[in-house]
Amino acid sequence: MSYQIDIVDDLIRIEFYGTLDALDLILLNQSQDYKVAIQNKKKMLMDFTDINGSSLTAKDTQGLAMLGKLDSQRIKDLHLVIVIEQESAPAMQHICDKIFVDSSWQVDVVNSAAQGKQLLISEG
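The structure contained in this document is the topic of the report that follows. (Residues numbered from 1 in each chain as written. Predicted model: local features only at pLDDT ≥ 70, side-chain atom pairs only at ≥ 80, totals over all residues. Heavy atoms only, no water.)

Notes on the side chain of S72
Positionally, S72 belongs in helix 3 (residues 58-74). A polar atom in the side chain of S72 sits 2.6 Å from the backbone oxygen of K69. S72 has contacts with F100, S103, S104 and W105, leaving out every residue within four places of it along the chain. (Helix = DSSP H or I, 4+ residues; strand = E, 2+ residues; numbered from the N terminus. Polar contact = N/O pair within 3.5 Å; in protein donor to acceptor, adjacent residues only side chain to side chain. Contact = heavy atoms within 4.5 Å.)

This is the structure in structure tokens:
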């Protein structure tokens with residue numbers, strides 16, 4: 001799996017492509033590029049729509065969301081928008097709602113990058 005991190009003003013965009021697995025996402029979370037990018041930012045768009053395969057199980061997804069929650073303890077008041085395929089969006093939103101319920105992060109799951117960008121732009 002590969003990813004690209006772009007930063008524009010207070011928006012971090014992480015676009016994934018290739019084959020997705022849990023180890024790659026864990027390594028992203030531990031990478032210096034990611035840690036620097038997330039500091040002092042208020043909006044993050046994680047776009048998974050260009051992946052061509054995934055070996056993630058439901059348990060992997062829950063575990064990775066919990067790993068993301070650790071970031072929410074260090075970085076406050078971030079709006080995270082996750083872009084995934086339409087069929088998976090409701091289940092992922094449910095997982096995120098449960099995991100991030102007591103954090104300062106707002107987490108939304110959408111099924112298009114355009115919809116995610118619009119959501120982030122509309123908040124100001």
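Continuing now.
So, unusual backbone geometry
A positive phi angle, close to 60°, is found at N40, a residue other than glycine. Inspection of the secondary structure puts N40 in the loop between helix 2 (32-38) and strand 3 (43-54). The exposed category is assigned to N40, whose relative accessible area is 70%. Despite not being glycine, D77 shows a phi value in the positive range, around 60°. Positionally, D77 belongs in the loop between helix 3 and strand 4 (79-83). The partly exposed category is assigned to D77, whose relative accessible area is 49%. (Buried < 20%, exposed > 50% of the residue type's maximum accessible area, 1.4 Å probe, protein only.)

Focus on the packing of helix 1 (residues 22-30) against helix 3
Relative to each other, helix 1 and helix 3 sit at 5°, their axes nearing to 11 Å. In terms of axis orientation, helix 1 runs roughly parallel to helix 3. On helix 3, the residues that touch A22, L25, I26 and N29 of helix 1 are D60, L64, L67 and D71. Here the residues of the contact of helix 1 with helix 3 sort into 5 nonpolar, 1 polar and 2 charged. (Axes fitted to C-alpha atoms, helices over the stretch in contact; angles between N-to-C directions. Parallel < 35°, antiparallel > 145°, perpendicular 65-115°, else oblique. Nonpolar A, V, L, I, M, F, W, Y, C, P; charged D, E, K, R; others polar.)

A short note on the sheet that holds strand 2 (residues 11-20)
The strand order across the open sheet formed by 5 strands is 1-2-3-4-5, and the pairing between neighbours is mixed. This sheet does not close on itself; its edge strands, each paired only once, are strand 1 (2-8) and strand 5 (106-110). Across the sheet, the mean angle separating the axes of adjacent strands is 15° when strand polarity is ignored. Bridging between strand 1 and strand 2 involves 7 bridges; their strand directions are antiparallel. If you follow I5 over to strand 2, its bridge partner there is I14. (Pairing = 2+ DSSP bridges.)

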